[in-house]
Amino acid sequence: MAENASTAMGTAASLQDRMIEALQSVIDPELGIDLVNLGLIYGMSLTDGVATVTMTLTTVGCPISQVLENMIGTALEKLPEIDEVKIDIVWEPVWSPSKMSRYARVALGYHMG
C-alpha cells in the first residue's frame, strides 16, 4: 500500500511540475517575462479534471487580465489531465517585485536593496 501512495505522490508531483512548465510558457505581453518567474502564480490544484490557478496581477485593473486568463487556459488545457481551467484572482498577499525570480529581476533590470 505504501508503494501505491508513493506512486500517486510521484504522479501528482510530476503533474504539478508539468503545470508549472505549462505556465512558464505564458508570457506577460507587457513585460516579456512568464507568469511563474514574475511571481504571479500563488498556487494550483486539480480536482476532477478542473485546474484552479490562484494568482494575482501586478496591478488592480490590469488591462490584460482577460488575455492572461485565456493564455493560462490554453496552456494548461494542453495537459491531458485538465479539462477545464478556473482562475482565482487574489489580492492578498499583495504582489511586489520581491516576488519575482532572480531571472525576472535581472531581465527587467530591477535591483532590490
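Above this text you will find the structure in question.
Residues numbered from 1 in each chain as written. Predicted model: local features only at pLDDT ≥ 70, side-chain atom pairs only at ≥ 80, totals over all residues. Heavy atoms only, no water.

Summarise the side chain of Asp 34; cite the residues concerned and give the values.
On the secondary structure map, Asp 34 appears in the loop between helix H1 (2–23) and strand E1 (41–47). At a separation of 2.8 Å, a polar atom in the side chain of Asp 34 contacts the side chain of Asn 37. In this structure, Asp 34 is in contact with Leu 23, Gln 24, Val 26 and Ile 27, ignoring residues within four places of it in sequence. (Helix = DSSP H or I, 4+ residues; strand = E, 2+ residues; numbered from the N terminus. Polar contact = N/O pair within 3.5 Å; in protein donor to acceptor, adjacent residues only side chain to side chain. Contact = heavy atoms within 4.5 Å.)

Please set out the sheet that holds strand E2 (residues 50–55) residue by residue, giving values where relevant.
A sheet is described by the order of its strands in space; here three strands give the open sequence E1-E2-E3, paired in mixed fashion. One side of each edge strand has no neighbouring strand; the edge strands of this open sheet are E1 and strand E3 (84–89). Each strand of the sheet is rotated relative to its neighbour by a mean of 20°, with strand direction disregarded. Direction of pairing for E2 relative to E3: parallel, over a ladder of six bridges. Residue Ala 51 lies in a different strand from E3, and its bridge partner there is Val 85. Contacts between helix H2 (residues 65–76) and the sheet are confined to E2 and E3, with E3 contributing the most and set at about 140° to the helix. (Pairing = 2+ DSSP bridges. Axes fitted to C-alpha atoms, helices over the stretch in contact; angles between N-to-C directions.)

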